[in-house]
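Residue-level listing of the chains:
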Amino acid sequence: MEFVRHLLLVIHLLGFGALFGGLLIQARTPEKAVNALMRDGSGTAFLAGLALVGVIEADGGSVDHTKIAVKGVIALVILVLVMANLRKERIANGLWALLLLLTVANVCVAVFWR
Ligand code: HEM
């Protein structure tokens, strides 16, 4: 179970990395868009996060449900915004900045909320 938990955490972090990278590579591009990295990364981070909670609780461990609810809502907002704008040729710079802010906010919640 410990191995599965660590594997899911690695997948979770790879998903986060893909989302963050997909956003960051557009930092100097004047016209932003939702790319495949952002699509796959947000979905992977979300699903692996849910699975992590399941594995931790199934193993007898406990998670802070308020923290997980906050992370879940932020991640869901990211996912919905990414999916809703997937087929658009470009997105507003403000939306790109919001997605970056929400992603960084979720890392801060993950790390600082103990
Ligand atoms: C874009 C969305 C997300 C980002 C950027 C993110 C980021 C992170 C990071 C950086 C960690 C490692 C820090 C640590 O372990 O203390 C982590 C751990 C974790 N995340 Fe997320 N997360 C996201 C979404 C979610 C969601 C939706 C859930 C569940 C509903 C979730 C559940 C967890 C859990 C349970 C851990 C701890 C794993 C452990 O201690 O074994 N995450 N997340």
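The name an unreviewed UniProt entry gives the chain is Integral membrane protein, with Nocardioides caricicola as the organism.

Is there a simple way to think about the packing of helix H3 (residues 65-84) against helix H4 (residues 93-112) in this case?
What describes two packed helices is the angle between their axes and the distance between those same axes. Closest axis-to-axis distance for the H3/H4 pair is 10 Å, and the angle between their directions is 160°. In terms of axis orientation, H3 runs roughly antiparallel to H4. Relative to H4, H3 is oriented so that their crossing is left-handed. For the pair H3 and H4, contact is made by Lys67, Val70, Lys71, Ile74, Ala75, Val77, Ile78, Leu81 and Val82 and by Leu95, Leu98, Leu99, Leu102, Thr103, Asn106, Val109 and Ala110, respectively.

Just checking my understanding: could you explain the coordination of the iron atom of the ligand for this structure?
On the protein side, the iron atom of the ligand has His12 (NE2) and Lys71 (NZ) as donor atoms, found 1.8 to 2.0 Å from it. Coordination geometry of the iron atom of the ligand: the six donor atoms subtend angles of 81 to 179° at the metal centre, consistent with an arrangement described as octahedral. One end of the pair, histidine 12, is in helix H1 (residues 2-24); the other, lysine 71, is in helix H3, with 59 residues separating them in the sequence. Of the two residues examined, histidine 12 and lysine 71, each falls in the buried class.

The rules behind these values
Residues numbered from 1 in each chain as written. Predicted model: local features only at pLDDT ≥ 70, side-chain atom pairs only at ≥ 80, totals over all residues. Heavy atoms only, no water. Axes fitted to C-alpha atoms, helices over the stretch in contact; angles between N-to-C directions. Helix = DSSP H or I, 4+ residues; strand = E, 2+ residues; numbered from the N terminus. Parallel < 35°, antiparallel > 145°, perpendicular 65-115°, else oblique. Left-handed = near helix turned anticlockwise from the far one by under 90°. Contact = heavy atoms within 4.5 Å. Donors = N, O, S within 2.8 Å, 3.2 Å for Na, K, Ca; no water. Tetrahedral: all angles 85-135°; square planar, octahedral: opposite > 155°, others 65-115°. Buried < 20%, exposed > 50% of the residue type's maximum accessible area, 1.4 Å probe, protein only.

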